[in-house]
Protein chains: 2
Amino acid sequence: MANWIWYPGDFEIYHGMKQNFDREERGFFWPAYWKIAEFRHSIKFSNKYNLKEDTQFIASAKGLGHVNVKWEPPLGPDGTRPPYPKWIEKKYRFGEIITCPAKEVTIDIIVANMEGLPCVFIEGEVIKSDCSWIVNDYSHDMIPVGYNKDFTRPEQDPMEFKYTSVICEPVAREVVDGGILFDFGKEITAETILRYPKELQELTLCYGESRAEALDVELCYLKQHLMTEGNDELFGAFESDKVYRTKLRAFRYIFIPEGDVAREIELLAEYKYVDFPHRSKFTCSDERVNRIWEVSEETFRLSSGIFFIDGIKRDRWIWSGDAYQSYFINQYLFYDADICKRTILALRGNDPIPQHINTILDYSLYWLISIENYYNMTGDLEFVQMIYPKMESMMQYCSNQLDENGFIYGRPGDWVFVDWADIDKTGTISEEQFLLARSYQAMIAVRKLLGLDSTEYESLFDQLKKNIWKFYWDDAQGAFIDSFSSGKKKVSRHSNIFAVLFDYTTEEETHSILHKVLLNDEISAITTPYFKFYELEIMAKLGQYNYVLENIKSYWGGMLDRGASTFWEEYKPEEPIEQQYGMYGDKYGKSLCHAWGASPIYLIGRYFMGLRPTSIAYETFEIEPDLDSFNEFSCELPVNEGTLRMEYKAKQLTVTTDKEGGTLKIGDQIYPLKKGELFALTT
Amino acid sequence: MANWIWYPGDFEIYHGMKQNFDREERGFFWPAYWKIAEFRHSIKFSNKYNLKEDTQFIASAKGLGHVNVKWEPPLGPDGTRPPYPKWIEKKYRFGEIITCPAKEVTIDIIVANMEGLPCVFIEGEVIKSDCSWIVNDYSHDMIPVGYNKDFTRPEQDPMEFKYTSVICEPVAREVVDGGILFDFGKEITAETILRYPKELQELTLCYGESRAEALDVELCYLKQHLMTEGNDELFGAFESDKVYRTKLRAFRYIFIPEGDVAREIELLAEYKYVDFPHRSKFTCSDERVNRIWEVSEETFRLSSGIFFIDGIKRDRWIWSGDAYQSYFINQYLFYDADICKRTILALRGNDPIPQHINTILDYSLYWLISIENYYNMTGDLEFVQMIYPKMESMMQYCSNQLDENGFIYGRPGDWVFVDWADIDKTGTISEEQFLLARSYQAMIAVRKLLGLDSTEYESLFDQLKKNIWKFYWDDAQGAFIDSFSSGKKKVSRHSNIFAVLFDYTTEEETHSILHKVLLNDEISAITTPYFKFYELEIMAKLGQYNYVLENIKSYWGGMLDRGASTFWEEYKPEEPIEQQYGMYGDKYGKSLCHAWGASPIYLIGRYFMGLRPTSIAYETFEIEPDLDSFNEFSCELPVNEGTLRMEYKAKQLTVTTDKEGGTLKIGDQIYPLKKGELFALTT
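From a predicted model like this one, the values you see are computed outputs, not experimental measurements.

Visitor: A description of the overall build of chain A should follow, citing residues and the corresponding values.
Guide: Within chain A, the secondary structure is distributed over 15 helices and 30 strands. Taken against the 2.2 N^0.38 rule, which gives 26 Å for 683 residues, the C-alpha radius of gyration of chain A at 28 Å falls within 12% of a compact globule. Dimensions of chain A, computed from the C-alpha atoms along their principal axes, are close to 90 × 75 × 60 Å. Restricting the contact set of chain A to residue pairs at least 6 apart, pairs at least 24 apart contribute 71%. As displayed, chain A has an accessible area near 26,800 Å², and 49% of this comes from carbon and sulfur atoms. For chain A, the distance from the average site of its 74 positive side-chain charges to the average site of its 107 negative ones is 2 Å.

Visitor: Can you tell me about empty space enclosed by the protein, naming the residues and giving the values?
Guide: All names here are of chain A. If you walk through the whole model with that rule in mind, you get 3 cavities of 30 Å³ or more. Considered as a void within the structure, the largest cavity measures approximately 70 Å³ in volume. If you go around the largest cavity, the residues you meet are Tyr-327, Phe-328, Gln-331, Cys-340, Ile-344, Ser-370, Asn-373, Tyr-374 and Met-377. For the lining of the largest cavity, the secondary-structure elements that each account for two or more residues are helix 5 (320–331), helix 6 (337–348) and helix 7 (361–378). Top element by residues in the lining of the largest cavity is helix 7. It accounts for 4 residues.

Visitor: Outline the domain arrangement of chain A, listing residues and values.
Guide: Residue and element names in this part refer to chain A. You can read the domains of chain A as domain 1 (5–147), domain 2 (164–273), domain 3 (279–323 + 525–595), domain 4 (349–521) and domain 5 (612–682). Note on domain 1 versus domain 2: buried area summed over both sides is about 810 Å², and carbon and sulfur give 47% of it. A per-residue breakdown of the area domain 1 buries against domain 2 is headed by Glu-24, Arg-26 and Phe-29, which together make up 74% of the total. Between Lys-247 and Asp-22 there is a salt bridge, with its nearest N and O atoms 3.4 Å apart. Contributing elements (two or more residues each) for the side of domain 1 that touches domain 2: strand 1 (24–25) and strand 2 (28–29). Looking at side-chain class alone, the side of domain 1 that touches domain 2 contains 3 nonpolar, 1 polar and 5 charged residues.

Visitor: Provide a residue-level description of the pattern of salt bridges, including the pertinent values.
Guide: Residue and element names in this part refer to chain B. For the coordinates displayed, the defined rule picks out 108 salt bridges over all chains. Between Glu-270 and Arg-245 there is a salt bridge, with its nearest N and O atoms 2.7 Å apart. Taken together, the residues span a long stretch of sequence, with Glu-270 in strand 19 (residues 266–273) and Arg-245 in strand 18 (residues 243–256) at a distance of 25 residues. Classification of Glu-270 as buried rests on a relative accessible area of 12%. The buried category is assigned to Arg-245, whose relative accessible area is 17%. Between Glu-535 and Arg-493 there is a salt bridge, with its nearest N and O atoms 2.8 Å apart. A residue pair is termed long-range when its members are at least 10 positions apart, and Glu-535 in helix 13 (residues 529–541) and Arg-493 in helix 11 (residues 493–501) qualify at 42 residues. Looking at Glu-535, the relative accessible area reads 2%, which means it is buried.

Visitor: So what's going on with the relation of the copies chain A and chain B? Residues and values would help.
Guide: The two copies are related by a screw operation: chain A maps onto chain B through 180° of rotation and 0.0 Å of translation along the axis, at an RMSD of 0.0 Å. The superposition of one copy onto the other is thereby described by a two-fold rotation axis. When each C-alpha of chain A is compared by its distance to the rotation axis, A:Glu115 comes out closest, at 2.1 Å. An overlap of 100% is found between the interface residues of chain A and their copies at the interface of chain B, pointing to a shared contact surface.

Visitor: Outline the interface of chain A and chain B, supporting the account with residue identities and numerical values.
Guide: Residue-level contacts link 39 residues of chain A with 39 residues of chain B. Between chain A and chain B lies a buried interface of about 3,500 Å² when both sides are counted; carbon and sulfur atoms form 67% of it. Scanning the region where chain A abuts chain B turns up 4 salt bridges. Among the salt bridges present, the one from A:Lys91 reaches B:Glu25, with a minimum N-O distance of 3.0 Å. Counting across the chain A and chain B interface gives 16 residue pairs in polar contact (both at pLDDT 80 or more). Contributions of two or more residues to the side of chain A that touches chain B are made by helix 1 (10–20), strand 2, strand 5 (64–71), strand 6 (88–92) and strand 8 (104–112) of chain A. Residue composition of the side of chain A that touches chain B, by class: 21 nonpolar, 8 polar and 10 charged.

Visitor: Go over the sheet that holds strand 26 (residues 642–649) of chain A with me, naming the residues and quoting the values.
Guide: All names here are of chain A. Taking strand neighbours across the sheet as the criterion, the 5 strands line up as 20-25-26-27-30 in an open arrangement whose pairing is antiparallel. What marks the edges here is a single partner per strand, and that holds for strand 20 (281–284) and strand 30 (679–682). Across the sheet, the mean angle separating the axes of adjacent strands is 15° when strand polarity is ignored.

Visitor: How would you explain the sheet that holds strand 30 (residues 679–682) of chain B if you had to name every residue and give the values?
Guide: Residue and element names in this part refer to chain B. Strand order across the open sheet formed by 5 strands is 20-25-26-27-30, with antiparallel pairing between neighbours. The two strands at the open ends of the sheet, each matched to only one other strand, are strand 20 (281–284) and strand 30. The mean inter-strand angle of the sheet, taken between neighbouring strand axes irrespective of direction, is 15°. Relative to strand 25 (residues 633–639), strand 20 runs antiparallel, the two sharing 4 bridges.

Visitor: Which residues make up the packing of helix 13 (residues 529–541) of chain A against helix 14 (residues 545–561) of chain A, and what are the values?
Guide: Residues and elements named next belong to chain A. Interhelical geometry of helix 13 versus helix 14 gives an angle of 160° and a closest axis separation of 8 Å. By the angle between their axes, helix 13 is roughly antiparallel relative to helix 14. As for the relative orientation of helix 13 and helix 14, their crossing is left-handed in sense. In this structure, helix 13 uses Pro-529, Lys-532, Glu-535, Leu-536, Met-539 and Ala-540 to contact helix 14, whose residues at the interface are Tyr-545, Tyr-547, Val-548, Asn-551, Ile-552, Tyr-555, Trp-556 and Met-559.

Visitor: Let's hear about unusual backbone geometry: which residues, and what values?
Guide: Cis geometry is adopted by the peptide bond preceding A:Asp315, which originates at A:Arg314 and carries an omega value of 5°. The residue A:Asp315 is located in the loop between helix 4 (287–303) and helix 5 in this model. Even without being a glycine, B:Thr359 presents a positive backbone phi close to 70°. Within the secondary structure layout, B:Thr359 lies in the loop between helix 6 (337–348) and helix 7 (361–378). Classification of B:Thr359 by relative accessible area gives buried; the value is 11%.

Visitor: Residue-level account of the environment of A:Ala337, with values.
Guide: Residue and element names in this part refer to chain A. Summarising the element assignment, Ala-337 is placed in helix 6. For Ala-337, a relative accessible area of 22% gives the class partly exposed. For the pair Ala-337 and Ile-387, spaced 50 residues apart in the sequence, the C-alpha separation amounts to 14 Å. With near-sequence residues (within four places) excluded, Ala-337 lies in contact with Tyr-374, Met-377 and Thr-378.

Visitor: Describe the side chain of A:Ser46, and please don't skip the residues or the numbers.
Guide: Residues and elements named next belong to chain A. By the element assignment, Ser-46 lies in strand 3 (residues 42–50). At 2.7 Å, the side chain of Ser-46 forms a polar contact with the side chain of Asp-108. Excluding residues that lie within four positions of it along the chain, Ser-46 makes contacts with Thr-106, Ile-107, Asp-108, Trp-133, Ile-134 and Met-142.

Visitor: Pulling in residues and values, what's your account of helix 13 of chain B?
Guide: All names here are of chain B. For helix 13, which comprises 13 residues, the first-to-last C-alpha distance of 18 Å matches the rise-based estimate of 18 Å (1.5 Å per residue) to within 8%. The element helix 13 is extensively covered by neighbouring structure, given that 12 of its 13 residues are classed as buried. Turning to helix 13, its buried residues number three or more, namely Pro-529, Tyr-530, Phe-531, Lys-532, Phe-533, Tyr-534, Glu-535, Leu-536, Glu-537, Ile-538, Met-539 and Ala-540. In this structure, the buried residues of helix 13 make contact with helix 5 (320–331), helix 7, helix 11, helix 12 (507–518), helix 14 (545–561) and helix 15 (600–608).

Visitor: Residues and numbers for the packing of aromatic side chains, please.
Guide: Applying the stated criterion across every chain yields a total of 148 aromatic pairs over all chains. A centroid spacing of 5.4 Å and a plane angle of 75° characterise the contact between B:Tyr332 and B:Tyr602, whose relative ring orientation is edge-to-face. With a gap of 270 residues between them, B:Tyr332 in the loop between helix 5 and helix 6 and B:Tyr602 in helix 15 connect regions that are remote in the sequence. The ring of A:Trp367 has A:Arg348 sitting right over it, with the charged end atom 5.5 Å from the ring centre. The lysine or arginine in question, A:Arg606, covers the ring of A:Tyr607, its NZ or CZ lying 4.4 Å from the ring centre.

Visitor: Tell me what's going on with the side chain of B:Glu209, and back it up with residues and numbers.
Guide: Residues and elements named next belong to chain B. You can see Glu-209 is positioned in the loop between strand 15 (203–208) and helix 2 (211–215). For Glu-209, a relative accessible area of 6% corresponds to the buried category. Reaching out from Glu-209, the side chain makes a polar contact with the backbone nitrogen of Leu-592 at a distance of 2.8 Å. If we ignore the near neighbours within four places in the chain, the residues touching Glu-209 are Glu-187, Arg-252, Tyr-253, Ile-312, Lys-313, Lys-590, Ser-591, Leu-592 and Cys-593.

Visitor: Give a detailed account of the environment of B:Thr378, specifying residues and quantitative values.
Guide: All names here are of chain B. Locating Thr-378 in the fold gives a position in helix 7. Between the alpha carbons of Thr-378 and Tyr-335 there is a distance of 9.0 Å; along the sequence they are 43 residues apart. At a separation of 3.1 Å, a polar atom in the side chain of Thr-378 contacts the main-chain amide nitrogen of Asp-380.

Cut-offs and rules
Residues numbered from 1 in each chain as written. Chains lettered and ligands numbered in written order. Predicted model: local features only at pLDDT ≥ 70, side-chain atom pairs only at ≥ 80, totals over all residues. Heavy atoms only, no water. Helix = DSSP H or I, 4+ residues; strand = E, 2+ residues; numbered from the N terminus. Rg over C-alpha atoms; globule rule 2.2 N^0.38 Å. Contact = heavy atoms within 4.5 Å. Areas by Shrake-Rupley, 256 points an atom, 1.4 Å probe, with all protein chains shown as cover. Lys, Arg positive; Asp, Glu negative; His and termini not counted. Charge placed at Lys NZ, Arg CZ, Asp CG, Glu CD. 1 Å grid on protein atoms, 1.4 Å probe; cavity = no way out; pocket = protein on both sides within 12 Å on 5 of 7 lines; lining within 4 Å. Points joined across faces, edges and corners; volume = space filled by probe spheres on them. Domains from an automatic or database assignment. Buried area = accessible area lost by both parts, 1.4 Å probe. Salt bridge = Lys/Arg side-chain N within 4 Å of Asp/Glu carboxyl O. Nonpolar A, V, L, I, M, F, W, Y, C, P; charged D, E, K, R; others polar. Buried < 20%, exposed > 50% of the residue type's maximum accessible area, 1.4 Å probe, protein only. Least-squares fit on C-alpha atoms with pLDDT ≥ 70 in both. Polar contact = N/O pair within 3.5 Å; in protein donor to acceptor, adjacent residues only side chain to side chain. Pairing = 2+ DSSP bridges. Axes fitted to C-alpha atoms, helices over the stretch in contact; angles between N-to-C directions. Parallel < 35°, antiparallel > 145°, perpendicular 65-115°, else oblique. Left-handed = near helix turned anticlockwise from the far one by under 90°. Expected span 1.5 Å × (residues − 1). Phe/Tyr/Trp six-rings, centres within 6.5 Å; stacked < 30°, edge-to-face > 60°. Lys NZ or Arg CZ within 6 Å of the ring centre and 35° of its normal.

Written out as C-alpha cells, the structure is:
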C-alpha cells in the first residue's frame, strides 16, 4: 500500500491552521489569538532502492517540482570510479511514467506549494510512497516522512479531510413572531442548504444551539443575511441558480424571521462528521445516568473531528487542556489513536517554540504528559520516537522559566489559566508545580522507553516535590495553598485535586484533603465540567462512588433538566435561566456542546465499570466493577483492539472479552478472564 | 495617503517564495534548494487614536478576520474606573462602514489567510492604514507594520506585483527544417500568446535565448508541447477557445517544428517588466564601449523585477552574492531604493536563521555588508532601524562558527562558494575572512548610526585583521594565500582582490598584489563576470584605466562578438563556439542574460566618469572623470534625487547638476559645482 507523504507534522499543522481559523461570530471570522505554526511550503523527499530489474513508477504531487533519479556512474576501465560526474541523473515531470533502471538508485522528489501543503503520492510496483521515504525542508537532516492511513489513493487531496455526511431535514417547524423556527431535533455541525422554488428572496438565517438563541434575531451568535446577490463568499455560495449552501456551522435550530420567504423555501442541513467507531455501550437501571451517557457520547462525537476541539459552535479551536481530557474519554469511547496523534501534532507546531501552547503555561505541561498517556494507551513506539525531540524541546522551553526553588512561573504574555475559578495567582502557584512534577514523570517514562538516561529528571522530580511540600503544604489547613508569596494562604480545590490525582499524597494527607477541601462546602465549588472531571475522578479513586454518582446526576442531570441535549462549557446550578446561555459577557457566548462536558463516559468506564490497563496498551488489564451503585448494568468497552462485555443483573455478573490478559477483581478476589470464555459470578 | 499594510518583511518573503519557486526546466519546475522562509498566516494589527469627533472608516482585508474597536469605560460615580469590564468593545466585519466614537480608541484588526499574505487596507479620513500602525504574529511584541509605495489603493491585491506589459510581435520568421523560427529581436521575459485562427492543433514551443538553442528541439532548456486539450495548467491556459497563453518565460527566439501549424497561428509575446526610471545615459567616442553600456543596461533591466535575480531564463532565483553586485549597478542606473529593500528583506527571511543565505557562507556576509551600503546610498534610517535586529542576529549566527583565531569556517551543509574557480578551500580560507572583516565594519558603522556601542566589533575587526596577515600573507609570494592549513600556499586572485577592494592593504602590499597577482598571467584568470566586477574595480581604483577599458572591451566585447545581445553568466574566451552556451553539464545550461554581466555600468559610472558620494546619500559628492580614456563622452548619472550631466568634447568639459553639494576634481584641482549652473573647463 502507498500513502500520500509529507513533512512529518505538517499535515496536522496545515489542518490545525484551517481549524483554528474557522471560528465565526455574527458575520465575521475570529482566527485563534495565538501564534499559528506555519507548515513548510518547500520540501524534498528521498529514498534509495537497490533494483534488481527495471521498474516503473509515477509521482503525483500537490505543488510544483520534479523527480530526480540518479545513480553512480560505472567504474572506469581501471576498476575505479572516475571523480566526475559524481552522479548520472535524470529529471522527470510529475504524472509521467518513469522507468528506473536495475541499479542502486537514489530518488529525490522536489515539491513546493505556495498555497497549501506540499505532498506526494508515488505509485509503482517496487517504488511507492510509504514510510521508508525521508524528507527535509533543506534546513535539517532528512527525517522519516509523515503519512496517515486516511490518504492512500492518488486521486485524494490531503488538503481536504474526508468527513461522512448525511442530509438532515428539520423535524419540526413552528411559526414564531411571524417567522419560522426550524428544529433539527439535535445539535449538528452542518452546512445549511437553501432551495428556492421560485425566484431568490432576501432572508436571514438565525442559528441557535438553543431555541432561545435562534429566536433572538439580534443577539444570536451565528447569523447570516442572505441577499439575492453579492453575498460574502466566505460564508457560502450558490451551488446553482436556486440552491445556496452556507459554510459549516453548529446548531440545532434555525429561525428565519421572514416568514413568507421561509414558508416558500426548502431548508436542509448537510451534517458532516467523522464516523468514529462505536466501541462502547453502557446502560444501567438508572435512566438518568443512561441519558447522561447518551448525551455525553453525543457531545463527544460532535466535538471530535479531524482534531479534538473545545466546542462546536465556539471556539472550534484546538485547546491543549480540553484535548487532554478528550484523550481520556476517547480511551473509553472510540479508542481511536489517530485523532490523538493528529491533535498532539497540531497543538505542538514547530520548533523553536514561540510561546506556550494556546499561550497557556498549564497547556504546555498537559501536552508533555499526554505523550506518556498516549503511549500507555497505544504502545505506539513509532510515534513516541517521532515526537520525542519536540517533547524534549518543550521541556527545555519550560525549564527556562524556573525560579530558585525549581518552581515554574508565568512570564509576561504567559496565561496561567488552571480553570475559570478564583485561584490566588500571586507569584508561583502550586497548581502549575503539580503539573510540572507530572511532566517530569512523563519525561522519565518516555526517556526510559527510548533507552535514554533519566536520572536528571528523577532528581528534578524529587527536588520539586520536596519544595512543593515545603512551600505549599499548610499544616493548619491540612491542604495545599495556591500561593505562598501573597500571604493569603488561600486553599482552592484545584491544587489539592492534582496532588491526589497524581498520587503524590500520603494516606493521611489524602484523608485531610478529602475532608478539609473536597467535602468542605466552604471551599468554592468547581463550576466547570473541565475541573469537575478531575474532582470526580479523585473522589472515585478514593472510593466515594456515591458522591460521584450523585454529582453526575445532579450536575450533568441539572443540565438535562434545563433542556440540554449536549453538555455545556460551564454550568452553575444557581444561575437564573435567563442567564444560563451567557458567558464572556455575551448572552449566547456559552458553548452548549463542549467536549469537556463528556467526562461521565470516562468516570463510568474507568471507575464504575472499573476497567483499567495494568500494562502498556492493555496487554494486561483489570476490571473492577462497582456493584453497589446500580442494581443492574450492561456495558461494552474497548480494551485496545478487543472488547470487554459485562452484564450485571439480579446479583449475577457475567464478563466476556475477546482479548487475552484480563483479570476481574471483586473485593479481594481476583479472577483471571479467558479470551472468548464467559465468566459468571453470583455476588 | 493610505497603504496596504502587512507584517514587515512578509510581503517580500511571500513574493520571494513565488520568485524562488518560478524556475522552469523542460516541462517541470525546480523550486530553490534552500530553506524557504515562511510568511506568517495569522497576524494582528493595532493602533490608537484620540478622536475629537466621531469618524468613519472601512477595513478591506486579504483573509479572514474582523475589526475590534474598544475604549475604556467611563469613570464611576466616585470618579474611579470600575475594574470590570476593562474595555467596552465592538467587533465589525471587513467591508462595513465603522463609526468610531469621539474617544480614545484602540483598534485591533485580526487577519488570517490560509493561502496567502494576510494584509489590510483602511480607508477613512482620520483612521487609515499607514506607518503609524503596529502588528504582531502573537509571539512577539508589536512592531511597526510593513508597507510600500506600490500598494496604496483598496482594489489592489498585494499578492500580485504589478508589472508594465507590452505586446511584442516577432521581428522575423524563418523557415528552418520544415519548422518556423520566430525572432523577437531581443531577449524578453514574456508570456507567449498563441492565436489559432481555425481549430486547435498540437504544436511544440521551443524557446531559446540563442538561435541555436531554439532550433535544438531536443535539448532546448524551455519547451512546451501544447495539445488541443489536457495541457498542464501550471504552464499556461486557454484564455478563450482559440487563445492560449503560457506562463512567463525568458527568450528571444521561439521555434515551432510543426511548420504547417506554425504558419497558421499568430504568435505574440506579452513582455512584462518593471519600468524602472531611466536615470542614466552614457555615450563616448568608442562605439564598442557604447554598445557594451547599452547591452549592460538591457541585461540589468531584464534581471531587475520585484527583486534582483541572477538570470532571467535560469535560475530566476534571488541570490545574495548576485544581488550584492546589483546594488552597486543600481546606484549608477536606476537609483531605486525600493528594489534594494525588497531584495534585502526577501533574502534575509525570518529569525531564527535556519542556514546561510542561499546556503552560502559568503552570501550571508555580503548581506550584512549590503545594509551599510544601502544606508550610504539612501540615508534611509527607517529601514536600517527596521532591519537592524535581523542584522544583529545574522552576525550572531555567523559568530557561532569562528575558530580560535577568529576565522570563520564552513560547517557541514555550508557552501563556501566565493566563485566558480580553482580556489584551495582547505580549512578556513582567506576570502571568507576578508568578507568577515568587512562585515564587522558594517556592524560598526550601523551600530554607530543607531547610537549603539561598537567597541566589541572594533576589537573583533582589529584582531581579525592581525590574524589574517599572520596566517595568510605570504612574504615569499608577496600575496595572500587561500588556505594556510593545506600547506599548498596557493595564491588566487580572489582574496587579493578583496584585500585591495576593502582598502586593507598598505601601498607596498597593494603594489605587490598588483604585479604579482593581478598582472601575473600565471595566476589563473577570472572566468566569471561576477569576479571580473571586483577585479576590474580594484584595477580602476589603482588607476589602471587602460587595463580596465581593454578588459571591458575584450571580455564584454568578446561576448558581443559571439552575438550576445545581453551579457552572460560565464564567458571563457578560449571556449569553442559549440560549447559556448553550456554550463553545469547542460548544453544550454548557461544563462545568457545574467545580472552580474552588467558591471560595466558601475565601472564606467564610478571610475571612468568618476562619480562618488562623499557623504551619506550624496549630500556631498565628487566627480573625477578620467579624461584620457575617451576622446569624447557624454553622460547623465543619478546623484540621489538629482542628476549630474557631463560632456567632454574637444578637450572641453562641461558639467551641470541640479543638486547641491558637488565638487569636480581634475588632477589636483577641486572645483565646487553650483546647483543649476553650468561649469565648463578646457583641459
